[in-house]
Amino acid sequence: MTATLLTNIGELTTNVAADGDPCGTLHDAALLMEDGRVAWVGPASEAGDVSSRFARSTTGGVTSVVERGAQRRDETPLEVVDVGGRAVIPGFVDSHTHLVFGGDRADEFESRMAGIPYVAGGIRRTVAATRAASDDELRARLLGFVAELHAQGTTTFEVKTGYDLTVEGEARLARLAREVTDEVTFLGAHVVPAEYADDRDGYVDLVTGPMLEAVKPYAKWFDVFCETGAFTPAETHRILLAGIGADLLPRLHANQLGYGEGVAIGVEYGVWSVDHCTYLSDDDVAALAGSDTVATLLPGVEFSTKHPYPSARRLIDAGVTVALASDCNPGTSFTSSMPLMIALAVREMGMTPGEAVWAATAGGARALNRTDVGQLGVGARADLVVLDAPTRVHLAYRPGVPLVRDVFKDGAPV
Ligand code: NIG
Ligand code: FE
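Numbers given to residues run from 1 along each chain, matching the order in which its sequence is written. Chains and ligands are labelled by the order in which they are written, letters from A for the one and numbers from 1 for the other. Only residues with pLDDT of 70 or above have their local features reported here, since the model is predicted, and side-chain atom pairs are shown and tallied only from 80 upward, although totals for entire chains, interfaces and linings are computed over all residues. Derived side-chain values reflect all non-hydrogen atoms in the structure, with water molecules and hydrogen atoms excluded from consideration.

Novice: So what exactly am I meant to see when it comes to the state of the cysteines here?
Specialist: Each disulfide consists of one covalent bond between the sulfur atoms belonging to two cysteines. Defined by distance alone, a disulfide is two cysteine sulfur atoms within 2.5 Å. Taken as a whole and assessed by the stated rule, the structure comprises zero disulfides. No disulfide involves Cys 226; its sulfur sits 12 Å from that of Cys 277, the nearest cysteine.

So this is what it looks like as structure tokens:
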């Protein structure tokens with residue numbers, strides 16, 4: 001294994017809370033990555049002491065050093081990288097995407113911008129295109145999205161099924177998703193497919209029975225789109241009970257298109273995250289504040305559907321844990337850019353830049369029940385981003401500018 005020491009970090013966001021700063025911000029810092037994990041974090045002035053633990057060796061002009069000492073299993077070369085005063089943040093954790101699908105719906109987006117409202121039924125168009133696509137076509141598309149995510153600083157991401165809605169088809173989407181992430185969510189309850197239009201109960205039977213069984217080997221999570229035009233509160237209860245009974249972990253799409261019972265149901269069942277939360281009553285906010293459920297906000301959806309942005313400020317001030325995610329999907333948010341989510345959250349949702357970066361990293365990790373990512377404390381996965389900027393504020397201050405300079409995943413450059 002190699003080790004890499006990043007030095008001369010102008011601003012390091014660790015998300016290890018200290019002195020009332022949830023972002024655990026350090027200035028003039030250094031960070032050692034070893035065996036894929038964060039091995040040491042401290043002042044840049046101590047970086048020399050850390051690198052002196054390693055014996056220096058030079059190959060082809062690259063300054064590398066090899067760790068000394070009989071206690072080492074083998075000789076570990078150390079690469080020292082001076083990041084020139086730039087900011088370093090944890091890799092983004094995108095806890096909500098729908099990346100396995102065929103086709104796109106650019107025509108719907110164009111109509112929406114001209115005033116035609118979004119309706120959940122558009123999902124059925126993508127279902128038809130997805131069913132028609134081969135494994136190789138879906139896989140190539142998915143790998144393209146993964147490259148896109150990495151290039152934009154996302155190092156952990158969730159992927160949902162939900163664009164096939166047959167037993168074999170949903171299992172196929174979950175199997176493909178599992179090739180690129182452990183965070184796979186079964187979303188058979190995305191919309192009732194056309195062939196079950198007159199037999200909704202029959203479709204819920206399928207989702208809670210054979211489809212759940214077929215997808216379960218590939219999935220960690222399950223989800224329900226609880227919304228007008230998708231699944232009713234009564235159906236959501238049935239599906240939640242079945243998913244929990246099958247030992248999958250629950251999360252919900254709720255309160256996206258209007259006020260409703262979704263968030264309250266999510267809190268009642270203790271789901272890890274309720275996602276969207278665009279339309280929240282005071283009771284919804286109070287219920288979330290009294291729970292461990294994360295509110296995952298998806299501002300790409302409001303951007304692309306012209307619904308109003310939810311107030312993250314209202315949630316944070318009430319004590320709710322907020323995450324930001326892209327919801328990358330062809331219908332309501334065809335972007336995988338976490339920097340864009342941060343810019344929108346700061347400009348439109350009342351978050352400070354620090355809160356938005358926390359929500360896009362540590363918040364996403366909470367929403368996925370992960371403690372090894374979303375933070376850069378000693379022992380965390382060495383997943384991080386070197387920004388081409390002196391501070392994380394620039395992510396919102398310079399919207400649309402590619403500020404992700406270097407991405408490390410498990411301690412290695414991506
Ligand atoms: O998160 N809300 C449900 N699912 C997606 C939309 C999917 C689609 O329109 O294709 C979402 O917004
Ligand atoms: Fe979604």
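Novice: Would you mind going over the nonpolar core with me for this structure?
Specialist: One recurring pattern in soluble globular proteins is that nonpolar side chains are buried together. Ranked by size, the top nonpolar core spans 86 residues in total, and within it Phe 231, Leu 288, Leu 315 and Leu 324 carry the most contacts. Helix numbers and strand numbers start at the N terminus; a helix is a DSSP run of H or I with at least 4 residues, a strand a run of E with at least 2. Here this core gets seven residues from one element, more than from any other, and that element is helix α6 (residues 200-215). Residue contacts are counted whenever heavy atoms from the two residues lie within 4.5 Å of one another. Residue contacts for Leu 288: discarding those within four places in its chain leaves Val 263, Val 267, Val 274, Leu 280, Thr 293, Ala 295, Leu 315 and Val 320. Of all hydrophobic cores here, the second largest spans 15 residues; its members include Leu 12, Val 83, Leu 376 and Ala 382. The nonpolar core is taken to be a set of buried Ala, Val, Leu, Ile, Met, Phe, Trp, Tyr and Cys residues, with the residues joined through side-chain atoms within 4.5 Å. Exposed residues in this analysis have more than 50% of their type's maximum accessible area, buried residues have under 20%, and partly exposed residues fall in between, with area computed by a 1.4 Å probe over protein chains only.

Novice: What should I look at first to understand unusual backbone geometry in this one?
Specialist: One can expect most non-glycine residues to show negative phi and most peptide bonds to be in trans. Its identity is not glycine, yet Asp 28 carries a phi of approximately 50°, on the positive side. Here Asp 28 lies in strand β2 (residues 25-34). Backbone geometry places Asn 255, a non-glycine residue, at a positive phi of 55°. By secondary structure assignment, the location of Asn 255 is in the loop between β13 (249-254) and α8 (262-269). A residue is classified by how much of its surface remains accessible, and Asn 255, at 2% relative accessible area, is buried.

Novice: How should the coordination of the iron ion (ligand 2) be read in this particular structure?
Specialist: Six octahedral donors around a metal ideally make angles of 90 or 180 degrees; four tetrahedral donors ideally make 109.5 degrees. Atoms are scored as donors when they are N, O or S and lie within 2.8 Å of the metal, with 3.2 Å used for Na, K and Ca; no water is included, so coordination may look incomplete. Bound to the iron ion (ligand 2) are the protein donor atoms His 96 (NE2), His 98 (NE2), His 253 (NE2) and Asp 327 (OD), situated 2.0 to 2.4 Å from the metal. Each donor residue of the iron ion (ligand 2) lies on the same chain, and together they follow the pattern H-x1-H-x154-H-x73-D. Linking His 253 in strand β13 with Asp 327 in the loop between β16 (322-324) and α12 (338-348), this pair joins segments that are 74 residues apart in sequence. For the pair shown, His 253 and Asp 327 are each scored as buried.

Novice: In this structure, what is going on with the environment of Gly 42? I would like to understand it.
Specialist: Its place among the elements puts Gly 42 in strand β3 (residues 37-43). For Gly 42, a relative accessible area of 8% puts it in the buried group. Setting aside anything within four residues of it in sequence, one finds Gly 42 in contact with Ala 29 and Ala 30.

Novice: Is there a simple way to think about the site of ligand 1 in this case?
Specialist: Nearness of a residue to a molecule or strand requires only that one of the residue's heavy atoms be within 4 Å of it. Around ligand 1 lies a shell of 15 residues, among which Arg 105, Tyr 118, Tyr 163, Asp 327 and Thr 332 are the nearest. Nitrogen and oxygen atoms within 3.5 Å of one another constitute a polar contact, given that in protein one can donate a hydrogen and the other can accept it, and given that sequence-neighbouring residues count only through two side-chain atoms. At a separation of 2.6 Å, an oxygen atom of ligand 1 approaches a polar side-chain atom of Tyr 163. Here His 276 contributes a side-chain N or O atom positioned 3.1 Å from an oxygen atom of ligand 1. Any residue with an atom within 4 Å of a point lines the site, the site being either a cavity, points on a 1 Å grid over the protein atoms alone where a 1.4 Å probe fits but cannot get out, or a pocket, an open set with protein on both sides within 12 Å along at least 5 of 7 lines. Any molecule with more than half of its atoms within 2 Å of a cavity's or pocket's grid points is regarded as sitting in that cavity or pocket. More than half of the atoms of ligand 1 fall within 2 Å of the grid points belonging to the largest cavity. Residues are sorted three ways: Asp, Glu, Lys and Arg are charged, Ala, Val, Leu, Ile, Met, Phe, Trp, Tyr, Cys and Pro are nonpolar, and all the rest, Gly among them, are polar. Of the residues in the shell around ligand 1, the class split is four nonpolar, nine polar and two charged.

Novice: What is the right way to look at helix α4 (residues 135-151) in this model?
Specialist: Two residues of an α-helix separated by three or four positions point the same way, owing to the 3.6 residues in each turn. Any helix carries an expected span of 1.5 Å times its number of residues minus one. Taking 1.5 Å of rise per residue, the 17 residues of α4 would be expected to cover 24 Å, and the 24 Å separating its terminal C-alpha atoms lies within 8% of that figure. Listing the buried residues of α4 in full gives Leu 138, Leu 142, Phe 145, Val 146, Leu 149 and His 150. Take α4 and look down its axis: the buried residues cluster within an arc of 135°, on one side only. Residues of α4 that are exposed and point over 90 degrees away from its buried face: Asp 136, Ala 140 and Ala 151. Buried-residue contacts for α4 involve β8 (92-94), α3 (123-131), β9 (154-157), α5 (167-178) and β18 (404-409). Positive phi appears at Gly 153, one or two residues downstream of α4, with a value of about 95°. Picture the helix axis, draw a direction to every C-beta atom, and the arc is the one those directions span.

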